[in-house]
Amino acid sequence: MTEKKFTIDVVSDVVCPWCFVGRKRLESALALNPDLDVTVNWRPFQLDPTLPKQGKDRNRYMTEKFGSSDRIFEVHQQLIELGKEEGIEFDFEAIEIAPNTLDAHRLIRWASQAGPDIQDRIVGILFSYYFEQGKNIGDHQVLIEAAEEAGMDSAIVASLLPTDADSVGVRQEIDTANQIGVRGVPCFILDQKYAVMGAQSADALADAIRQTADGFEPRPT
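Conventions used here
Residues numbered from 1 in each chain as written. Predicted model: local features only at pLDDT ≥ 70, side-chain atom pairs only at ≥ 80, totals over all residues. Heavy atoms only, no water. Helix = DSSP H or I, 4+ residues; strand = E, 2+ residues; numbered from the N terminus. Rg over C-alpha atoms; globule rule 2.2 N^0.38 Å. Buried < 20%, exposed > 50% of the residue type's maximum accessible area, 1.4 Å probe, protein only. Contact = heavy atoms within 4.5 Å. Areas by Shrake-Rupley, 256 points an atom, 1.4 Å probe, with all protein chains shown as cover. Lys, Arg positive; Asp, Glu negative; His and termini not counted. Charge placed at Lys NZ, Arg CZ, Asp CG, Glu CD. Phe/Tyr/Trp six-rings, centres within 6.5 Å; stacked < 30°, edge-to-face > 60°. Lys NZ or Arg CZ within 6 Å of the ring centre and 35° of its normal.

Chemist: Run through the overall build of the protein, naming residues and quoting values.
Modeler: Secondary structure assignment for the protein yields nine helices and six strands. A globule of 221 residues ought to have a C-alpha radius of gyration of about 17 Å, and the protein, at 17 Å, matches this closely. Counting only C-alpha atoms, the protein reaches 50 × 45 × 30 Å along its principal axes. Per-residue burial for the protein yields a buried fraction of 48% across its 221 residues. A fraction of 74% describes how many contacts in the protein between residues 6 or more apart in sequence connect residues 24 or more apart. Summed over all atoms, the accessible surface of the protein reaches about 11,200 Å², with 48% contributed by carbon and sulfur. The distance from the centre of the 22 positive side-chain charges to the centre of the 36 negative ones in the protein is 4 Å.

Structure (structure tokens):
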């Protein structure tokens, strides 16, 4: 039986913990639809484009955002428990810097041209670096390390990062996401037809993928 081709565009930011959860659930959802030949494209979004290029102390940033250490602890504990269910070992205490993610998104963009599955691989590496290992994914040396681990040409990445290469293109993609109504991430755009918002369960996401592939509008979840 010939596999049916299907495209999923995931609008995401690599400092979004729900996007990390969403990536894991997408993997499970795809395993539930083995007859589909799915191409996953990762599209940029910035939860906070106003962060300085060098980033900001994360504790201070989170306190400004949530207002109290109790609230931050509550949010983190919820995510830690959810993460365990998906095989993610969130280590929020290890994260020192809240980075600007523009350069990380440039790297993800370049990875899409580096070979099959390289883009998805680099996204997974960046999520793990930040949320499980506390690495500063706004730092160029860390991004070069990620590129090498993913199988990219790290020398080319090292030469491009100090330039503005693809900065405009990434910002334009983010603008496009805003224009089509993406206000939160992850957002899964199924076969350029329907959008599924948020880190839905694997079953719900698999069902939406199947309905879209079969020509039906996905049921809201």
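Chemist: Account for the packing of aromatic side chains, naming residues and giving values.
Modeler: Overall, the coordinates contain eight aromatic pairs when judged by the stated rule. Judged by centre distance (5.4 Å) and plane angle (85°), the ring pair of F90 and F131 falls under edge-to-face. Of the two residues, F90 is situated in the loop between α3 (69-85) and β4 (97-98) and F131 in helix α5 (residues 118-131); the sequence distance between them amounts to 41 residues. Here the aromatic residues F20, W42, F90, F92, F127, Y130 and F131 are joined through ring pairs into a cluster of three or more. Seen from the ring of Y129, K135 lies directly overhead, with NZ or CZ sitting 4.0 Å from the centre.

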